[in-house]
Amino acid sequence: MDLDYIALRLGVGREEVERVHRLAGDRAGAPLPGKADAPALLERLGVRPEDAAEVMAGWPDAGSPLWTPELSWLLDRSIALVRADLGGHEWLAPGPELPRERGPAWRHLYVYAYLALLDVVRGYHRDHGIADAVGWATLADLGRNLAVDRRMNRAGWPVMQAWLTLHARGGIYELGRLQHQRGDTSIDLHIPESGPMTPEAVEASLDEARAFFPRHFPDEHYTSFSCGSWLLDPQLREYLPAGSNIIRFQQRFELEPYEKGDGPDADVEVLRFGFRTLTTPLDRLPRGSVLQRAIVDHLRAGRHWHWRRGQFPI
């Protein structure tokens, strides 16, 4: 298909379509699971009923009027793009951000790509001896992210569609309380929305990772755990008790020097993760926890949060 025409019909930049075409090349994609099997599969992936209903409503049936040729092209090439980097552990955008208000096929195109890649990545898990329980717990982050996106009035997905390619390529694993992203010499830690981050739960997850990666990725040699987050901003110590879970998590890390402009905008990220909104005025945000009050009071005082990176030895 003509790339200029595809870009026009999709309402995205030509360079974005060209990138998909270049990275996917002439590689094969992967088929979606059978539609009859999809409801049970979505449930296993933690997808809530309201989100599952939307996914099923936009399903890429052959001859569906929802699926224009260019939309079908993008789905196939996005699957091929991600599959080509199986085993990769860097963030990867599967394709352009789409105008999701145009309907469920547009809204969930990258969900269908994720579903098509399940057999591929589960094969990768088997090749590395990874237990089904770990594989499915990791992949079920799909449902968590769809629920968050719904809470954010659809403002969360542009970040999440790239984030979820880590799961679909075997680049990240959920081990207890934390998610562990493969890297070069460091395992990057991520904190899913899944309950209290107690020191005991964190340590148990770290212990699990210390055994998991040498067992399943013996050719990869890690010397440290690392993390990049606004949760590592030392300014939080002005507001939170010294014994709080967040401060005790911070205390594990040796922070890198702060450079203005490092990482994403922390003032945006605290709203994304602390309140699941990017648009609510500060004076209308909830103040139900010490952390929420700290975030709001800090910003209303004209101060800024900082994205900090740190690490500690394995």
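Structure first, text after, so check above.
The structure presented is a predicted model; accordingly, all values stated were derived computationally and were not measured. (Residues numbered from 1 in each chain as written. Predicted model: local features only at pLDDT ≥ 70, side-chain atom pairs only at ≥ 80, totals over all residues. Heavy atoms only, no water.)

S.K.: Go over the nonpolar core, please, and point to the residues and values.
M.R.: With 56 residues, the main nonpolar core has Leu45, Leu115 and Leu142 as its most contacted residues. For Leu115, the residues in contact, after removing those within four places along its chain, are Pro33, Leu41, Leu42, Leu45, Val55, Trp59 and Leu142. Judged by nonpolar contacts, the second largest core, of 38 residues, contains Val134, Phe213, Phe217 and Ala266. (Core = buried A, V, L, I, M, F, W, Y, C linked by side-chain atoms within 4.5 Å. Buried < 20%, exposed > 50% of the residue type's maximum accessible area, 1.4 Å probe, protein only. Contact = heavy atoms within 4.5 Å.)

S.K.: How would you sum up the layout of surface pockets? Please name residues and give values.
M.R.: Roughly 1,300 Å³ of volume is contained in the largest pocket. His190, Ile191, Pro192, Leu231 and Phe273 are the residues nearest the centre of the largest pocket, which is lined by 50 residues in total. Per-element accounting of the lining of the largest pocket gives the leading share, five residues, to helix 10 (residues 141–151). Taken together, the residues of the lining of the largest pocket break down into 19 nonpolar, 18 polar and 13 charged. (1 Å grid on protein atoms, 1.4 Å probe; cavity = no way out; pocket = protein on both sides within 12 Å on 5 of 7 lines; lining within 4 Å. Points joined across faces, edges and corners; volume = space filled by probe spheres on them. Helix = DSSP H or I, 4+ residues; strand = E, 2+ residues; numbered from the N terminus. Nonpolar A, V, L, I, M, F, W, Y, C, P; charged D, E, K, R; others polar.)

S.K.: Describe in detail the packing of aromatic side chains, supporting the description with residues and values.
M.R.: Taken as a whole, this structure holds 14 aromatic pairs when the rule is applied. Each ring, one from Trp67 and one from Tyr112, has its centre 5.6 Å from the other, and the planes form 70°; the classification is edge-to-face. Of the two residues, Trp67 sits in the loop between helix 4 (49–57) and helix 5 (69–83) while Tyr112 sits in helix 7 (residues 109–116), which places them 45 residues apart along the sequence. A relative accessible area of 9% means that Trp67 is categorised as buried. Note on Tyr112: relative accessible area 0%, which makes it buried. The ring of Trp106 carries the charged tip of Arg102 above its face, separated from the ring centre by 3.8 Å. (Phe/Tyr/Trp six-rings, centres within 6.5 Å; stacked < 30°, edge-to-face > 60°. Lys NZ or Arg CZ within 6 Å of the ring centre and 35° of its normal.)

S.K.: Now, about the packing of helix 2 (residues 14–24) against helix 5: what can you tell me, with residues and values included?
M.R.: Each packed pair of helices is defined by two parameters, the angle between the axes and the distance between the axes. Where helix 2 contacts helix 5, the two axes come as close as 8 Å, and the packing angle between them is 50°. As judged from the angle between their axes, helix 2 and helix 5 are oblique. Crossing of helix 2 over helix 5 shows left-handed handedness. Listed contacts from helix 5 to Val17, Arg19, Val20, His21, Leu23 and Ala24 of helix 2 are Trp73, Leu74, Arg77, Ser78, Ala80 and Leu81. Residue composition of the contact of helix 2 with helix 5, by class: eight nonpolar, two polar and two charged. (Axes fitted to C-alpha atoms, helices over the stretch in contact; angles between N-to-C directions. Parallel < 35°, antiparallel > 145°, perpendicular 65-115°, else oblique. Left-handed = near helix turned anticlockwise from the far one by under 90°.)

S.K.: Kindly report on empty space enclosed by the protein, identifying the contributing residues and their values.
M.R.: Taken as a whole, this structure holds two cavities of 30 Å³ or more when the rule is applied. In this structure, the largest cavity encloses a volume near 90 Å³. What lines the largest cavity is Val82, Pro94, Tyr110, Ala113, Tyr114, Leu117, Trp157, Met160, Gln161, Leu164, Thr165 and Ala168. Counting only elements with at least two residues in the lining of the largest cavity, the list comes to helix 7 and helix 11 (157–168). Ranked by the residues each element gives to the lining of the largest cavity, the list is headed by helix 11, at six residues. Residues belonging to the lining of the largest cavity are distributed by class as follows: ten nonpolar, two polar and no charged.

S.K.: Break down the environment of Ser64 for me, with residues and values.
M.R.: Tracing the backbone through its elements, the reader meets Ser64 in the loop between helix 4 and helix 5. When its relative accessible area of 13% is taken as the criterion, Ser64 is described as buried. Taking the C-alpha atoms as reference, Ser64 lies 25 Å from Pro158; in sequence the two are 94 residues apart.

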